[in-house]
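Single-letter residue listing:
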Amino acid sequence: MTATLPLPALHASHGGCWLRDGAGQTRGCGKGEAIVSAADTPLLMLNAPLVASRLGYPDLSGLDLLELFAFVHPARFMVPTPKGLAHALDLAEPDGDEHVPALLQQAAETLLAQCQAPNWPAREGAWTALQSLIRLRWSWAPLLTARIVAPEKGESWLFARLPEWEDVAERPQPAQVMLTPEAVAAQLARLTGSTAENRPTQVAYAQEAAQAFAPRTREGQPHLLLAQAGTGTGKTLGYLAPASLWAQQSGGTVWVSTFTKALQRQLRQESRRAWGDAGSDRRSDGSPPVVVRKGRENYLCLLNLEDALQGGFTGRAAILAQLVARWAAYSQDGDMIGGDLPGWLPTLFRQRGIKALTDQRGECVYAGCPHYRKCFIERAVRASAGADLVIANHALVMVNAARGRDTAQRPTRIVFDEGHHVFEAADSTFAAALTGSETIELRRWVIGPERGSKGRRRGLAARLADLASYDEAGGKAIAAACRAAEALPGDGWLQRLAEGTPSGPLEELLAAVRATVYARDESGGQEAGYGLETEAAQLDGPLIERAGAAQAALAELRGPMIRLGVRIEAVLAEPPDWLDGPGRARLEGARHALGWRIDTVAAWEALLDRLGGPADPQFVDWLAVERAEAREFDVGLHRRWLDPMQPFAKVVLEGAHGAMLTSATLKDGNDWDSAVVRSGAPALGIAPRLSSFDSPFDYATQAEVLIVTDVPKGDVAALAGAYGRLIESAGGGALGLFTAIRRLRAVHGRIADRLARGGLPLYAQHVDPIDTGTLVDIFRDDPRASLLGTDALRDGVDVPGHSLRLVVMEQVPWPKPSILHRARRLAGGGSAYDDRIIRARLAQAFGRLIRSSNDRGHFVVLSAAFPSRLLSAFPPGTPVTRLTLDQALQHVAASVSHTSAKQESDI
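For the structure given in this document, a descriptive report is provided here. (Residues numbered from 1 in each chain as written. Predicted model: local features only at pLDDT ≥ 70, side-chain atom pairs only at ≥ 80, totals over all residues. Heavy atoms only, no water.)

### Structural notes on helix α5 (residues 100-114)
Move 1: With 15 residues, α5 should cover 21 Å at 1.5 Å per step; its first-to-last C-alpha distance of 21 Å lies within 8% of that length.
Move 2: Of all 15 residues in α5, twelve are buried; the element is thus mostly enclosed.
Move 3: Within the sequence span of α5, burial applies to V100, P101, A102, L103, L104, Q105, Q106, A107, A108, E109, L111 and L112. (Helix = DSSP H or I, 4+ residues; strand = E, 2+ residues; numbered from the N terminus. Expected span 1.5 Å × (residues − 1). Buried < 20%, exposed > 50% of the residue type's maximum accessible area, 1.4 Å probe, protein only.)

### Digging into the layout of surface pockets
Move 1: When its volume is computed, the second largest pocket comes out at roughly 770 Å³.
Move 2: Lining the second largest pocket are 33 residues, with P82, D97, P761, Y763 and D782 sitting closest to its centre.
Move 3: Listing elements by their share of the lining of the second largest pocket, those giving two or more residues are β1 (9-13), α2 (48-55), α4 (82-88), α5, β19 (762-764) and α34 (772-781).
Move 4: A per-element tally of the lining of the second largest pocket places β1 first, with four residues.
Move 5: Tallied by class, residues from the lining of the second largest pocket come to 18 nonpolar, seven polar and eight charged. (1 Å grid on protein atoms, 1.4 Å probe; cavity = no way out; pocket = protein on both sides within 12 Å on 5 of 7 lines; lining within 4 Å. Points joined across faces, edges and corners; volume = space filled by probe spheres on them. Nonpolar A, V, L, I, M, F, W, Y, C, P; charged D, E, K, R; others polar.)

### What about the sheet that holds strand β23 (residues 880-883)?
Move 1: Reading across the sheet, the seven strands line up as β19-β20-β18-β21-β22-β17-β23 and stay open at both edges, with parallel pairing between neighbours. At either end of the open sheet lies a strand with only one pairing partner, and these are β19 and β23. Strand-to-strand twist across the sheet, computed as the mean angle between neighbouring axes with direction ignored, equals 20°.
Move 2: By the bridge criterion, four bridges tie strand β17 (residues 703-708) to β23 in an arrangement that is parallel. Residue pairing in the sheet places L706 in a bridge with T881 of β23.
Move 3: Set on the sheet, helix α33 (residues 741-757) makes contact with β19 and β20 (786-789); between it and β19 the angle comes to about 160°. (Pairing = 2+ DSSP bridges. Axes fitted to C-alpha atoms, helices over the stretch in contact; angles between N-to-C directions. Contact = heavy atoms within 4.5 Å.)

### A look at the pattern of salt bridges
Move 1: As enumerated under the stated definition, the model contains 33 salt bridges in all.
Move 2: With a closest N to O distance of 3.1 Å, D388 and R171 form a salt bridge. Of this pair, D388 sits in the loop between α16 (376-385) and β9 (389-393) while R171 sits in the loop between α8 (158-161) and α9 (181-192); the two residues are 217 residues apart in sequence, bridging distant segments of the chain.
Move 3: When its relative accessible area of 10% is taken as the criterion, D388 is described as buried.
Move 4: A salt bridge links K476 to E472, with the nearest nitrogen and oxygen atoms 3.4 Å apart. Pair noted here: K476 and E472 are both in helix α22 (residues 472-485), with a separation of four residues, about one helical turn. Summarising the burial analysis for this pair, K476 and E472 share the class exposed.
Move 5: Here the salt bridges share partners, and the residues they tie into one network are D427, R640 and R824. (Salt bridge = Lys/Arg side-chain N within 4 Å of Asp/Glu carboxyl O.)

Pasting the structure below:
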C-alpha cells in the first residue's frame with residue numbers, strides 16, 4: 001500500500017466538500033466547516049485558488065500539491081486534477097470525490113520521497129532554492145527540509161548553470177530548387193510511415209503545397225497558394241513534406257505560422273518525423289533543425305528574474321520567482337506562455353508576476369544585459385537563422401517582416417496554417433492606438449523610473465549614458481526627448497481624467513475623448529458595463545484644438561528621437577575605441593527599438609491630423625473608453641485599416657518568394673472570392689493558385705446538426721436548463737460556446753453543482769481560476785467533463801475521441817456591431833458580409849466535433865431563428881434537423897447509447 005503523509009487534506013468540488021484527518025478518516029462537510037478547518041491548520045489541497053473558488057472564500061491558503069509538484073518536477077507536464085495527479089505519480093486513480101483526500105496524502109508523500117531518491121532528475125539546484133524558500137516561509141519548506149540534504153559541493157547559481165549561445169556564420173541564400181511530385185509523394189510516405197493508411201487526398205494536397213516553393217519569376221510577385229483542406233486531410237504532414245524536402249535540398253528556412261499555441265505544440269511533435277529521431281532537438285553539429293519562435297513577451301527575461309530573486313518581488317510573488325527559477329534550469333527554451341512552464345503555475349499566485357518576468361515593454365538592453373549570452377530570446381533568434389523549420393505565430397511573422405532587426409532573416413517561404421486568422425492577425429498588427437496605456441508606456445521608456453517606481457526600468461539617459469558622454473549631439477537629443485516626454489500621461493492619469501483634472505496636452509485630449517464618448521455612445525454598453533465607442537466624425541472645436549496641441553507635443557518628442565537615431569548610426573559608422581562588440585550590439589538594439597517607436601509616434605500624429613479634416617477612406621477611426629465589468633482601464637483614439645491585407649501584402653508577401661494560406665475554412669462554401677480578397681493577393685495584382693480538398697470523414701453518419709426551436713431568446717433560466725439537460729443526456733463530453741461572458745457565468749452558476757452531483761464535472765472560462773490551455777487539457781483528459789467558453793474555444797481546440805461528443809452554441813454567432821464592423825460591412829456587401837463571417841464561425845465551431853474517423857457527435861444551436869442560408873457552413877451531407885429540446889435530448893442520448901454499445905462490442 002502506498003505510504004501517506006499524515007496531514008489533514010481537503011477536497012472541494014461543485015459536488016461537495018470532503019475532509020480527511022491525519023489518522024486516515026474521511027468525512028463530508030459543509031463549506032463553512034471546510035473554511036474554518038483550513039484557517040485553523042494548513043491542509044493538503046490540489047489547486048488552492050480553484051478550491052477557494054468552490055468554497056467562495058478567496059483568502060484560502062494551504063499546502064498546495066501543485067506548488068510542490070512544480071518544485072520537485074520542474075518543466076514537467078501534469079493535468080492539474082486528481083486524476084492527472086494520480087497518473088503523473090503512477091498512483092491509483094480515485095474512484096469518486098470522497099477518495100480524493102486520501103490521494104492527496106499519498107501524492108504528498110510520493111513527491112517528498114522523490115526528493116530522497118538517488119535518481120531524482122531535478123536534484124541540481126534544489127537545496128539552494130529551498131534555502132531561499134525557507135526564508136520566504138513557503139508552506140512546503142519545513143517538510144522539504146528533512147528530505148533534501150545539503151550537497152557535498154556548493155551548487156552553482158542558476159545564471160552560472162545556463163549554457164551560452166554561440167554566434168555562427170551567416171547562412172548563404174538558398175539554392176533554387178524545383179520539387180517534383182514524385183519526390184514530394186516519397187517524402188510524405190517517409191513521414192507517415194509504412195503502416196499508415198493510403199490517403200490519396202493527402203498526397204495531392206502535399207504535391208499542391210510544393211508549388212509554393214518554386215523559384216520566384218518576378219520581384220514582388222510571390223507564388224501564393226490558397227489551399228482549403230477539410231478536417232482529417234492530414235494537412236500538417238501534407239505541407240511539412242514539401243517544406244522539409246525544400247529545406248534539405250536548398251539549405252533554406254521555411255516558416256510555418258499558426259494562430260494558436262495548441263497548433264504550435266502539435267507542429268513541434270509532428271516535425272520530429274521530418275527531421276529524424278532527433279527532430280526538434282539537435283543536428284550532428286549541435287544546432288536545432290526546428291525552432292519555435294514567439295514574441296519577446298513569451299520568454300523568461302533573465303534580468304527580470306534576477307531582479308525578482310534579489311528582492312524585486314515580495315510575499316507570494318517571491319515564491320513564484322523561486323519556482324520559475326527552478327523551471328528555468330530545466331526548461332527546453334524558456335517559453336513561459338504555452339511552452340514547458342505549466343500553464344497552471346501562474347494562476348496559483350493570483351498576481352501578474354509572470355508578466356513581470358518577461359519583456360513586456362520592449363525594454364531589453366540587448367548586449368548591455370549581463371545575461372545576454374544566455375538569453376532564451378537571443379538563443380531562439382540565432383537558432384532560427386540556421387534552422388530548416390521555424391514554427392511561429394501570425395503576429396510574429398508580420399512584426400518580424402515589418403521591423404525585424406535583420407532583413408536577411410525575414411521569412412521568404414511561409415506556410416500560414418489556420419490561414420482564416422491571417423486577416424484578424426494583420427488587423428491587430430497594423431493598427432494604431434493613441435491611448436493612455438500606450439502613451440504612458442512610451443513615457444516610461446523614454447524617461448525611466450519616476451517617484452515611487454519599483455523594478456529595473458531605465459530610461460534613455462541611463463541606457464545610453466556612454467553615448468551621451470561621448471557624443472554631445474546625442475546627449476542633447478536624449479535630454480530633449482526626456483523633456484518632451486513629460487507631456488505624455490504620467491502615473492495616475494486615469495484617476496485625473498475621472499476627476500476632471502487632466503495634466504498636460506495628451507491627458508487633456510484623452511479627457512475630451514472620454515467626455516465625447518460618454519456623450520455620444522448609443523450602444524447600450526453604459527448600463528451593461530461594456531466598453532463604449534463613437535466614430536471620429538463631426539467632432540467639436542475644443543476637442544480638435546486639444547488634438548492639435550497633442551499633435552504638436554508628439555512632434556516635439558519625435559524630433560529629438562529622430563536626431564538620436566541619426567547620432568547612433570553615426571557612432572556605429574565610425575566606432576570609437578571604447579565601443580566593443582557587446583557595446584555595438586547594445587547600440588544597434590537601441591536604434592532598432594527607437595525606430596519602431598518613432599514610427600508609432602508618427603502614426604499617432606497622422607491620426608490626430610485627420611481629426612480636423614476629411615476621413616481617409618483607407619482607415620476607420622474611432623474614439624473609445626475601454627471597460628471591463630463597468631471599470632474603466634483605458635481611453636483613447638483608434639485607427640484600423642479598412643482592409644488590413646493591404647499592409648500585410650506590402651510588408652509580408654511582397655518580400656516573400658512563396659507563401660501558402662491553408663485552413664479547413666478558407667472559402668465561403670464554393671465561393672473563393674472572399675478568400676482571395678482576404679489573402680492580400682489583389683494588393684499585389686497577383687492571382688493566387690486555388691486548391692480545395694474535401695474531408696475524408698463521413699459526416700452523414702458521424703455527425704448531426706440539431707437546431708433547437710423552443711428555447712426562448714433572452715431567458716437565462718431556460719438557456720441554463722437546456723445546457724444542463726443536454727450535458728446530462730450526453731454524459732458529459734460537451735463543449736459549450738457563448739457569445740457573452742455574462743451569460744456564460746449565469747449558466748455555469750445555475751447548473752455546475754447539479755451536474756457535479758451526478759458525476760459530471762463542469763469547467764468554465766472566466767469562472768475557474770485556470771488558464772485556457774489548462775482547461776482544455778483537463779477537458780481532454782476526462783470524458784465525463786464539460787467545458788464552457790467563448791471565442792478562444794471556438795477554434796484551435798483539438799480534442800479527438802470520446803472526450804468531445806457534443807458542441808452546444810447558445811445562439812447564432814452574430815458579429816459585434818462595432819464601428820469598425822459597420823465600416824467593413826458597408827464596404828463588403830452589407831448582410832452578405834455578415835453571413836460570410838457567421839458561416840466561418842459556425843464552420844470553425846463545427847470543426848471541433850469530428851477530429852478522427854471514429855468520432856461521433858452532435859452540434860446543437862439553441863436558436864429558433866437560425867437562418868437557412870447559414871446551413872451551408874456545415875460539410876455537405878451533414879444531417880440538419882430542426883426540433884424541440886426534448887427531441888434533441890432523445891437524439892443525443894440515443895447516440896451516446898449506441899456509441900457505448902459499440903465500444904463494448906469492440907472490447
